[in-house]
Amino acid sequence: MPTTTETAITSPIGRQTPRIDGPLKVSGTAMYTSDFPFPGLLYAVPVEATIANGKLQKLDTSEAEKMPGVRAIFHRRSIGKIFRSVLQPNSRSITDERRPPFADDVIRYYGQYIALAVADTFEQAKAAADAVRATYTKEKPNVDLDLQPDNEPELIQTGRGPLNRLQSQRGDPEKAFANAPVKLDQTYVTPAETHNPIELQGTTALWDGQILTIYEESQGVFNLRSVLAQMFGLPTENVRVITKFVGSGFGSKLWPWTHCALACAAARQLGKPVKLVLSRRMMFQSVGHRPRTQQRVRLGATTDGKLVSLIHDYVSDLAMLDGYRENCGEATSYQYSVPNLRVHWGRARRNIGSPTAMRGPGAVPGLYATESAMNELADQLKIDPVQLRVLNEPKVDEGKGIPFSSRHYLECLQVGAEKFGWSKRNPEIGSMQRDGLILGWGVAGAAWISGRAPAEANVELRDDGSARVACGTQDIGTGTYTILAQLVADKTGVPLNKVEVVLGDTSLPPGPISGGSLVTGSVVPAVFEATDNAITSLLTVATTTPAPPFENRKIDDLAFENGRVFVRADGPANGVSFPDLLRRANMRLVTGNGKSEGTFDDKKPKVSLHSYGCHFAEVTWQPAIARLRVNRVITVIDGGRIINPLAGRNQIEGAVVMGVGMALLEHTVYDRQNGAPINSNLADYLMAVNADVPSIDVLFLDYPDRDVNPVGARGIGEIGLAGIAAAITAATYHATGARVRELPIRIEDLLKSSVLA
Ligand code: MOS
């Protein structure tokens, strides 16, 4: 691990920094979407289809319409025109459910909206929605769990444009597998999982003539604006989206969902502001989920553990109309060195709401499969699983044939193994014990994309010594407000508590989606450039100040450091603080803009940009009562330079907790008869809670990745969830002898243990 920091010790970059928005949140003064009051605000509650496949025959709204406080019961014939949006070439206008709400009478998933009740209070709207009667012609829904790929061409239309089903190929994988002295051929299954942010999704929509303003807890306000402009036939500049705080999202709030268009349409029809907040049940039906995946992994190896072939065939399910695909193969082509490889995918349509991105989409289920296969191969070869990974470390990204920007995967494994005490591992099943409990140890690797999306920012330096930085990205709770303040404080010397950060509004300079772990990497260059330009403006002001020490000076003679403008030759001590300079010049502020390009559209990238990591997990097994607990996790992350180690560690800890849920608890269950997600509440959808949380130790290698930005910082919101489930299932096998290849691990699986009392 690098031991010296490259910035001065006083720099806020790399310093443990409590969130600057923390006091607002803990005191309840942070304004979330549904907190904004408006005079005359009406409340909307959608009516959900109670079948998953069929046709709406009759909608009886007569009773509901007569109920107290009811303003309207909207349906297909009364909601007004809602246009269809399409993907824009600059990859704006993404949505995973393209069909406008109420567009036809076909029901394709349980919970699809068929009507909307609007009333003076939430309770009145809810009562009216419940009083709407629907009659259907029903077909049996297809929610089959076995995912055989639909018969589709090799080039598929997806929600993000056309994609080839053959994702990656090199050498002759079939032949190499057939001839390999050691073979593994297994199928791994991950279930549908539902994001469960504490803040429910919702929209408050206001029309002022042809101007639409919405408050929405969005992970991407500019994308949402672009979709809404199309759906309501408005010029983009006539739509404004505001998202001040988000009570987390995990991907469910990345792209617009149909309730948002319904709120906008209802507000338009009634000429009043309308608020629509989903119920927890609706959050399981109509705002996305991680799709179920079925992944066959074939590994061929030599007897001394060198991979000769890797074949990864995966299928994920998707909704009847839409084009989502789960990119389980993202990490497969580069994570290990193997001369013969094929990654190929397919999809299986089901009567479910559209899946969407959920924390570490693709790579998280994908690495669960491939890392599990690596662990099983290690057992088969009787090689230490860490050693197997060391043996197959690639020198370059073999999928793209380009060097890695900065990869320290082996150091992650080495540091983690040492911290965990891995050398004391006895690989024999059920052989390790502590305090009367059987211990199981497992390891797995992690990888996740890094890079930049386009970003713009504006920075002001003001005569009261404060600074302001504005960018239209959002903070979904990960610490973006704080990071932007740290960046400006670093460049200007303005203390953190005097940096105002303004985010989450399409009237600000365009910023990236809060997704893909890309905000931190993306905003650094734009914020730095904006700050530099504000500083240049200050120096220009100094050159026009006809008083010492600046009279007759050119801009090249001047410098700025730690909040002071000075003549280079004289040094900072003889300079003037920037608020003093502004006051002398009778100016309130100077300002600067910055803009940076993205890396993802690069057709011929020169380096492979990713973060890496590994997890070491310990489970305890109590055979007498078949009780399995995750006891201890050590996670090591190679995520570039960490700007805020406090918030950073917090992201990884949260991901590990989610990983415990993924391995042991989380799955959305669809009723085979009516297609409803039946555990659609926080009591029946099990997630890891405090009592499930193991002791978690997070270590960052902290190597700057200068290919991403000048600080070398990458986003780290998702990497911590990659691979963790494979480490836990491996530890479970080590303790119990039960090899589980379908998540989550259930008690039934553990009763197959060879280590029972
Ligand atoms: Mo993340 S699934 O990109 O919010």
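As the structure is a computational prediction, the values presented were derived from the model and not from experiment.

Criteria and thresholds
- Residues numbered from 1 in each chain as written.
- Predicted model: local features only at pLDDT ≥ 70, side-chain atom pairs only at ≥ 80, totals over all residues.
- Heavy atoms only, no water.
- Helix = DSSP H or I, 4+ residues; strand = E, 2+ residues; numbered from the N terminus.
- Rg over C-alpha atoms; globule rule 2.2 N^0.38 Å.
- Buried < 20%, exposed > 50% of the residue type's maximum accessible area, 1.4 Å probe, protein only.
- Areas by Shrake-Rupley, 256 points an atom, 1.4 Å probe, with all protein chains shown as cover.
- Core = buried A, V, L, I, M, F, W, Y, C linked by side-chain atoms within 4.5 Å.
- Contact = heavy atoms within 4.5 Å.
- Phe/Tyr/Trp six-rings, centres within 6.5 Å; stacked < 30°, edge-to-face > 60°.
- Polar contact = N/O pair within 3.5 Å; in protein donor to acceptor, adjacent residues only side chain to side chain.

## Re the overall build of the protein chain
In terms of helices and strands, the protein chain carries 17 helices and 29 strands. For the protein chain, whose C-alpha radius of gyration is 28 Å, the value lies close to the compact-globule estimate of 27 Å for 757 residues. When burial is assessed residue by residue, the protein chain has 62% of its 757 residues classed as buried. Counting every atom, the protein chain has about 28,600 Å² of accessible surface; 51% of that belongs to carbon and sulfur.

## Structural notes on the nonpolar core
Ranked by internal contacts, the top residues of the largest apolar core, which has 96 residues, are Leu299 and Phe616. Among the elements that take part in this core, helix H9 (residues 363-381) stands out by supplying 10 residues, more than any other. Setting aside chain neighbours within four positions, we find Phe616 in contact with Val386, Leu413, Gly416, Ala417, Phe420, Trp422, Gly442, Val443, Arg632, Val633 and Ile634. In this structure, Ile483, Val501, Ile535 and Ile643 belong to the second largest nonpolar core, which totals 48 residues.

## Focus: unusual backbone geometry
Following Pro548, the chain continues into Pro549 via a peptide bond in cis, with omega recorded as 0°. As for its position among the elements, Pro549 is in the loop between helix H13 (519-543) and strand S23 (558-561). The backbone phi angle of Phe250 is positive, close to 60°, even though this residue is not glycine. Along the chain, Phe250 falls in the loop between strand S13 (239-242) and helix H6 (258-270). The exposure class of Phe250 is partly exposed, given its relative accessible area of 25%.

## Considering the packing of aromatic side chains
Counted according to the given criterion, the structure contains 16 aromatic pairs. Pairing Phe404 with Tyr612 gives two aromatic rings, centres 6.0 Å apart and planes at 85°, and the pair type is edge-to-face. One end of the pair, Phe404, is in the loop between helix H10 (385-391) and helix H11 (409-420); the other, Tyr612, is in strand S27 (residues 610-622), and 208 residues separate them in sequence. Residues Phe404 and Tyr612 agree in their burial class; the two are buried. Ring centres 6.2 Å apart and planes at 20° place the aromatic pair Trp422 and Trp441 in the stacked group. Of this pair, Trp422 sits in the loop between H11 and strand S18 (432-434) while Trp441 is found in strand S19 (residues 437-449), placing the two residues 19 residues apart along the sequence. Each of the two residues, Trp422 as well as Trp441, counts as buried.

## Section: the environment of Ile637
Topologically, Ile637 is positioned in strand S28 (residues 627-638). C-alpha of Ile637 to C-alpha of Val576: the two residues are 61 residues apart in sequence and 43 Å apart in space. Non-local contacts of Ile637, meaning those with residues more than four positions away in its chain, are made with Cys412, Tyr612, Gly613, Ile652, Leu699, Phe700, Leu701, Ile719 and Gly720.

## Focus: the side chain of Ser85
Relative to the helices and strands, Ser85 is located in the loop between strand S3 (70-74) and strand S4 (106-107). Polar contacts involving the side chain of Ser85 include one to the side chain of Arg98, which spans 2.7 Å. Among all residues touching Ser85, those that are not within four sequence positions of it are Thr95, Arg98, Val227, Gln230 and Met231.

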